[in-house]
Every structure is written in structure tokens, then in C-alpha cells.
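One-letter residues, chain by chain:
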Amino acid sequence: MTDQFQLTDDQLAIQDMARKFTADRITPFAAEWDETHHYPLDVWKAAGELGFGAIYVAEESGGIGLGRLEAALIMEAMAYGCPATSAYVSIHNMATWMIDRFGGAEIKARFLPELVSMQKIASYCLTEPGSGSDAAALKTTAKKDGDHYVLNGTKQFISGAGYNDIYVCMVRTGEEKSKGISCLVIEKDTPGLSFGAPEKKLGWNASPTAQVIFEDCRVPVENLVGAEGDGFRFAMAGLDGGRLNIGACSLGGAQRCLDEAIAYTKDRQQFGQPIADFQNTQFTLADMATDLEAARALLYLAAAKVTANAPDKSRFSAMAKRLATDNGSKIVNDALQLFGGYGYLKDYPIERFWRDLRVHSILEGTNQVMRMIVGRDLLRQ
């Protein structure tokens, strides 16, 4: 077998490090975080020491300068313990990468050292109450007033809102739909910045979600990333990686539930034998494993394409996100069925993964938008 389908020694070492960190710092506590809605900031700091706060940030900026496959391996490993926690690491990485990739020397020097180490945590603010899939329709305005922008508007569904230190925001500086959008870095204590009440959610309880509200919020012009009007391009550039990461979170959650289901069905006895001995159980497990490996192979391929900047990277990222998140949720649902009534109890982890993975087919672009991207790309040829 050729090496192209094997992880390299370096990739295996990164995966092993992320798995050990997860087993030590995430998995034993995840159920409690879900129940108490605890945001594990102390764990972020520890993850930052391993470089997980700046996975694909350049080494000259203090990051670990890895590719998108390595990032996916880390997200997948962490989601085995808690998908909400893993997904948050993805969001922080996207925001930090955006400053590194598109910011000037001055803004990078101001913000990156503390973000790279996860001494400060970043949120990413694109979605608004009236603009979800139609991201370019955003209405939050930034009007120039001397050496400041004055912001008014609301961001919706922002992970870490009210807790995090830095908010990388897409705002409207011009009239044109997508060309009028710019990217600003906003600090938590900026006057005029406030936060809505935490949303009550089905899952992702270990990651707080709230509105970010701007009321005549004055942000220095030097907090602009890149040039005015470039924001939407930056947002789109970040999406391929975000889609891979959320797909990887579904892979990790699905792998955990498959492993739990194998162990449970070998142990659970009915009709005088372990339920694993029934052909139906074996067929269900076989389909779960097959669907998981298919999604994983496509996601790793898409990640390699994004790292290589291949011309079809966006199509493959959309395909991989759609397949991994749909398959992941189905695998978890099948695991819950194999657990029977016990799967429905919070004493076992399956129901938490069932709740947490459901949102993966909505965020980073709904799976319907993924199909739209793939379909358009196919017809363009």
C-alpha cells in the first residue's frame, strides 16, 4: 500500500498527543460540563500550551504552522471526549488564523501572542438574527468617525459570547452587499459592547452561546484586519477549514459512540446471550463502522486539498462536511438504539453526543447549503 493513504509519523504523533490530552483533561469531565453548563477555560489554557490554539497559524507568528489534516486529527481526537469543547477550539483557531493570515504586522503583534497561547480566547462573529445562510446580507454597521469606527447592530449564535476576550467581527462599512463588509478585532471591555443572555440550547452546553450587541461601540481604526471591503473574502476563506473541523468533530463523536456500542453489546445479555451475538447487532455495527470510515476518508482527502490549495478544495470541503455530519449523527442515533432504554439515560454518554452532534449539520453552512455549493460547482465544469 502506498504512503499516500497512511498518516505520517508526525501526524500520528500529533493525533496521539491530542488523544492523550482528551483522555486526561476532557473525557472524564465532559458529562459534568454538559450538566452544569460549564465553560472549561482552564482546559483551553492547557490546550494552548500544546499549540492547539494556533494549529495553522504560521510559526513566525508563534503558531505551530500545521496543515488542515493535522487540525482535523486534533479536532477529531478532542471530540471523542466532548464535541462542544472540540468545536470551540476550531472557532478560536479560525479567528486567530484570520488575524495571522490577513492582518498587518501591527495588529498581529498586538493580538496574536495571547491568542496563540490561549491566554486570551477569541470568538468569531459573522451570523446575525436576519442573516444566517445569506451571510453577505449582514446589517451591523461600522461608520468612521475620526480615528474610530462606530458600530451598531447585533450578532447572533456567537459561541463564547460574554466569556471570551476577543471578538473577530464582520461588519458593514459600505453599501455593496459582499464588497461592503470589513473585519474588525474588538476587545471585550470596549464601551458600547454588550452581550445577550446565554441561549438555552439542545446541546453544546459546555460552550455558551449568546448575542453580541453593539450600541455606538467605538473601535479604533487600527483594529481593522486587512483593507476595508475585504471582510467577506476573509470570511469565505475561513469556511473551508471550519467545515473540515466541524466534520472532524462529528467523526470523533461517532467513533466514541461506536466504541461505546461495541463494548455495551458484548456486555448486555438478552435471551441468554450477549446481544452482540445477534446478527442484527453485528450488521448495525458493520454499517456504522463502514459509514464512519467512508466519511473519514473523504474528510482527510478534503483536508489535504485545502492545505495544498487545490482548485476543487471548496467542493470537497462541502462534500466532506455534509457526509461527516450526516453520517456522524446517524451513527450516534444507531448507537443509542443499540443501548435501548439505557441509551436514553444521562448515565451513559450516548444521548449527550446525540444532542451535541445535531447542530453540526446546521453550523459552518447548513448541509443544504453544502449541497448547493457542490451542485453549482459540478454544473460550472
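Structure: above.
Right, let's walk through the structure included here. (Residues numbered from 1 in each chain as written. Predicted model: local features only at pLDDT ≥ 70, side-chain atom pairs only at ≥ 80, totals over all residues. Heavy atoms only, no water.)

Notes on the overall build of the protein
Looking only at helices and strands, the protein has 11 helices and 10 strands in total. For 381 residues, the compact-globule estimate of 2.2 N^0.38 gives 21 Å, and the C-alpha radius of gyration of the protein, at 21 Å, lies within 12% of that figure. Counting only C-alpha atoms, the protein reaches 80 × 45 × 35 Å along its principal axes. Residues classed as buried in the protein amount to 54% of the 381 residues present. Of the contacts formed within the protein by residues at least 6 apart in sequence, a portion of 73% connects residues at least 24 apart. Total accessible area on the protein stands at roughly 16900 Å², and carbon and sulfur atoms take up 52% of it. Between the centroid of the 39 positive side chains of the protein and the centroid of its 48 negative side chains there is a distance of 5 Å. (Helix = DSSP H or I, 4+ residues; strand = E, 2+ residues; numbered from the N terminus. Rg over C-alpha atoms; globule rule 2.2 N^0.38 Å. Buried < 20%, exposed > 50% of the residue type's maximum accessible area, 1.4 Å probe, protein only. Contact = heavy atoms within 4.5 Å. Areas by Shrake-Rupley, 256 points an atom, 1.4 Å probe, with all protein chains shown as cover. Lys, Arg positive; Asp, Glu negative; His and termini not counted. Charge placed at Lys NZ, Arg CZ, Asp CG, Glu CD.)

What to know about helix 6 (residues 105-116)
The α-helix advances 3.6 residues per turn, and as a result positions three or four apart in sequence lie on the same side. Between its terminal C-alpha atoms helix 6 stretches 15 Å, which fits the 16 Å expected from 12 residues at 1.5 Å a residue. What helix 6 keeps buried is the set I107, F111, L112, L115 and V116. Summarising the axial view, the buried residues of helix 6 lie within an arc of 120°, below the 170-degree limit, and thus occupy one face. Every exposed residue of helix 6 that faces more than 90 degrees away from the buried side is listed here: A105 and A109. Lining the buried residues of helix 6 we find helix 3 (41-49), helix 5 (83-102), strand 1 (122-125), strand 4 (166-172), strand 5 (181-187) and strand 8 (224-225). (Expected span 1.5 Å × (residues − 1). Arc of directions from axis to C-beta.)

Quick look at unusual backbone geometry
In this model, D216 sits at a positive phi of 45°, which is unusual for a non-glycine residue. Of the residues examined, D216 reaches a relative accessible area of 51% and is grouped as exposed. Located in the positive-phi region is F271, a residue other than glycine, with phi close to 55°.

Focus: the side chain of H92
Considering the arrangement of structural elements, one finds H92 in helix 5. Once residues within four sequence positions are removed from consideration, H92 is found in contact with G53, L115, M118, K120, I121 and A122.

Quick look at the packing of aromatic side chains
Using the criterion set out here, one finds 15 aromatic pairs in the structure. Arranged with centres 6.2 Å apart and planes meeting at 90°, the rings of F21 and F52 form a pair that is edge-to-face. Here F21 is found in helix 1 (residues 9-25), whereas its partner F52 is found in the loop between helix 3 and helix 4 (68-79), with 31 residues between them in sequence. Across the pair, exposure class does not vary: F21 and F52 are buried alike. We note R68 situated over the ring of W97; from NZ or CZ to the ring centre the distance is 5.1 Å. (Phe/Tyr/Trp six-rings, centres within 6.5 Å; stacked < 30°, edge-to-face > 60°. Lys NZ or Arg CZ within 6 Å of the ring centre and 35° of its normal.)

Notes on the pairing of strand 5
With six of its seven residues buried, strand 5 lies for the most part within the structure. The pairing of strand 4 with strand 5 spans seven bridges and is antiparallel. Paired with V168 across the two strands is V185, which belongs to strand 5. As judged from the two bridges shared by strand 5 and strand 8, these two strands associate in the antiparallel manner. Within strand 8, the residue paired with C183 across the bridge is V225. (Pairing = 2+ DSSP bridges.)

Things to note about the packing of helix 8 (residues 279-308) against helix 9 (residues 313-339)
Direction vectors running N to C along helix 8 and helix 9 enclose 160°, while the axes themselves pass 8 Å from each other. In terms of axis orientation, helix 8 runs roughly antiparallel to helix 9. Crossing geometry of helix 8 relative to helix 9 is assigned as left-handed. Split into classes, the residues belonging to the contact of helix 8 with helix 9 amount to 18 nonpolar, four polar and four charged. (Axes fitted to C-alpha atoms, helices over the stretch in contact; angles between N-to-C directions. Parallel < 35°, antiparallel > 145°, perpendicular 65-115°, else oblique. Left-handed = near helix turned anticlockwise from the far one by under 90°. Nonpolar A, V, L, I, M, F, W, Y, C, P; charged D, E, K, R; others polar.)

Structural notes on the pattern of salt bridges
Evaluation of the coordinates by the stated rule reveals 20 salt bridges. The salt bridge partner of R296 is E76, with a shortest N-O separation of 2.8 Å. Note that R296 is positioned in helix 8 and E76 in helix 4, a separation of 220 residues in sequence. Salt bridges sharing partners connect three or more residues here, namely D34, E351 and R355. (Salt bridge = Lys/Arg side-chain N within 4 Å of Asp/Glu carboxyl O.)

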